[in-house]
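Commentary on secondary and tertiary structure
So the chains spell out like this:
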Amino acid sequence: MKPTAFDYHAPASPEEAVSLLGSLGDGAKIIAGGQSLTPMLALRLAVFEHLVDIRRIESLRGVSRSNGTVRVGAGTTEAAVGRSDVVAADVPLLARATPFIGHLAIRNRGTIGGCVAHADAAAEYPAVALALDATIETLSPRGTRSIPAAEFFTGIWSTALEPDELITALEFGVWSGRTGFAVEEFAVRSGDFAIAGATVAVELSSSGSVDRCAIGLFGLGPTAVRATAAEESAAGTAVPDLNPDEIGQAALAGQDVPSDSHGSAAYRTRVGAAMVATAWRRAVKEASGE
């Protein structure tokens with residue numbers, strides 16, 4: 001199939017883009033890399049009268065660090081995120097999640113803002129944003145807004161974005177000290193969407209106890225979620241006193257895990273717990289300097 005007919009717009013600035021969204025109304029849709037939207041249009045799962053292409057807006061691209069925060073422009077491709085020395089050094093969890101996203105050809109066009117705005121429950125970046133308490137910066141005709149990741153993902157393929165609002169950047173706080181990060185994902189084939197996945201960040205005290213930790217889950221519910229109960233149970237505890245398998249089980253306890261063609265809810269819950277446990281072990285090993 002092919003998409004229905006639409007008018008194409010190529011604004012030169014974020015302000016022009018949101019002005020178009022405001023004037024064109026519900027019939028308009030932002031397109032960035034198009035790696036999620038284009039197949040939906042081709043299958044006519046989505047229909048829009050206007051596409052607003054933001055690929056040419058230079059100010060939406062790039063990575064920078066300032067005052068303990070890394071800012072990633074929404075139009076930065078996933079491949080560029082993966083190549084960034086700043087991201088690798090200061091937001092390792094984001095760098096390590098990137099190779100799991102599709103294939104290189106997809107990452108060369110897909111953008112971090114597009115991935116987050118699409119809010120696929122099986123996508124890696126939303127889980128990273130949740131785990132690291134990222135802030136999503138937006139622009140609309142009414143001005144700018146900063147949305148905590150914890151408030152951004154509202155349901156299946158849905159977010160807190162208004163129809164005339166554009167993501168301009170994501171901001172990540174830099175973790176310091178004895179830290180470790182890991183991403184684990186189970187998929188049928190490399191590049192497929194995850195059946196179950198986990199992102200883990202750990203910071204240890206000088207005595208070897210958990211100062212703070214963050215666990216993000218993807219592919220295990222209607223949205224990416226954060227396993228706050230498991231995090232709270234681990235905080236303040238010495239690493240030798242923590243059982244990674246129990247942390248994995250705690251992370252999945254109470255989650256609304258769906259059944260689908262890849263497996264039952266019980267199966268996916270077991271796989272998800274195993275992903276958390278494996279990622280926890282790797283993150284703690286790194287934080288311990290091993």
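Residues numbered from 1 in each chain as written. Predicted model: local features only at pLDDT ≥ 70, side-chain atom pairs only at ≥ 80, totals over all residues. Heavy atoms only, no water.

**Digging into the pattern of salt bridges**
The condition is simple: Only one rule defines a salt bridge in this text: a Lys or Arg side-chain nitrogen within 4 Å of an Asp or Glu carboxyl oxygen. Comment: elements are numbered from the N terminus, with helices defined as DSSP H or I runs of at least four residues and strands as E runs of at least two. Burial classes follow relative accessibility: with a 1.4 Å probe on protein chains only, a residue under 20% of its type's maximum area counts as buried, one over 50% as exposed, and anything between as partly exposed.
For the coordinates displayed, the defined rule picks out 14 salt bridges. Of the charged contacts in the structure, one is a salt bridge between R96 and E286, with a shortest N-O distance of 2.7 Å. In this pair, R96 is assigned in helix α5 (residues 92-97) and E286 in helix α12 (residues 265-287), connecting sequence segments 190 residues apart. What makes R96 partly exposed here is its relative accessible area of 33%.

**Considerations on the nonpolar core**
Quick note on the threshold: Take the buried Ala, Val, Leu, Ile, Met, Phe, Trp, Tyr and Cys residues and link them wherever side-chain atoms come within 4.5 Å; each set so joined is a nonpolar core. Throughout the structure description, domain borders are defined by an automatic or database domain assignment.
Formed by 41 residues in total, the largest nonpolar core has its most connected members in L94, V116, Y125, L132 and F172. Of all the secondary structure elements, the ones that give two or more residues to this core are β5 (69-73), α5, α7 (112-118), α8 (124-131), α9 (149-152), β10 (166-173), β11 (178-186) and β13 (210-218). A domain-level breakdown of this core finds at least three residues from each of domain 1 (1-118 + 135-170) and domain 2 (178-287). In this structure, C213, L220, A234 and M275 belong to the second largest nonpolar core, which totals 28 residues.

**A look at the domain arrangement of the protein**
How big an interface is tends to be stated in terms of the accessible area lost upon association of its parts. So the rule is basically this: The contact definition used throughout considers only heavy atoms, calling two residues in contact when any of these lie within 4.5 Å. By buried area we mean the combined loss of accessible area, with a 1.4 Å probe, across both parts when two parts are placed together. Residues adjacent in sequence count toward polar contacts only when both atoms are side-chain atoms; beyond that, a polar contact is any pair of N or O atoms within 3.5 Å, and within protein one must be able to donate a hydrogen and the other to accept it.
Entries for the protein in the domain assignment read domain 1 (1-118 + 135-170) and domain 2 (178-287). Relative to domain 2, the C-alpha centre of domain 1 lies at a distance of 26 Å. With 11 residues of domain 1 at the contact, the number on the domain 2 side is 11 residues. The largest contributions to the domain 1 side of the interface with domain 2 come from L93, R96 and F100, which together make up 57% of the buried area. In this assembly, domain 1 and domain 2 are joined by one salt bridge. The tally of links between domain 1 and domain 2 comes to two residue pairs in polar contact (both at pLDDT 80 or more).

**Some thoughts on α8**
Extensive coverage of α8 is indicated by the burial of eight of its eight residues. At the exit of α8 stands D133, carrying a positive phi of roughly 55°.

**Some thoughts on the sheet that holds strand β2 (residues 28-31)**
The cut-off we apply is this: Think of it this way: DSSP has to see at least two bridges between two strands before they count as a pair. Between N-to-C directions, angles span 0 to 180 degrees; the directions come from axes that are lines fitted to C-alpha atoms, helices contributing only their stretch in contact.
Read from one edge to the other, the open sheet built from three strands follows the order β1-β3-β2, with strand pairing classed as parallel. The open sheet has two edge strands with one neighbour each: β1 (7-9) and β2. Across this sheet, the average inter-strand angle for adjacent strands is 25°, counted without regard to direction. Where β2 lies against strand β3 (residues 50-53), four bridges are found, and the strand directions are parallel. Bridge pairing in β3 links I31 to D53.

**Digging into the packing of aromatic side chains**
For clarity, the cut-off: Put simply, two rings from Phe, Tyr or Trp (the six-membered ring, in Trp's case) pair if the centres are within 6.5 Å, and we call them stacked under 30 degrees between planes, edge-to-face over 60, tilted for the rest.
With the rule as written, the count across this model stands at two aromatic pairs. With centroids separated by 5.1 Å and ring planes inclined at 85°, the aromatic side chains of F152 and F153 adopt a geometry described as edge-to-face. Residues F152 and F153 agree in their burial class; the two are buried. Consider the rings of W175 and F181, whose centres lie 5.9 Å apart with planes at 65°: the pair is edge-to-face. By relative accessible area, W175 is classed as buried at 13%. When its relative accessible area of 6% is taken as the criterion, F181 is described as buried.

**As for the packing of helix α11 (residues 244-252) against α12**
Two numbers describe a pair of packed helices, the interaxial angle and the distance between the axes. Keep this limit in mind: Geometric relationships in this document are graded by angle, where less than 35 degrees denotes roughly parallel, more than 145 denotes roughly antiparallel, 65 to 115 denotes roughly perpendicular, and other angles denote oblique. In this scheme, a crossing is called left-handed if the near helix is turned counterclockwise away from the far one by less than a right angle; it is called right-handed if the turn is clockwise.
Close contact between α11 and α12 brings their axes to 7 Å; oriented N to C, the two are set at 130°. Of the possible angle classes, the one that applies to α11 and α12 is oblique. Relative to α12, the crossing made by α11 is right-handed. Here α11 contributes P244, D245, I247, G248, Q249, A251 and L252 to the contact with α12, which in turn contributes T269, G272, A273, V276, A277, W280 and R281.

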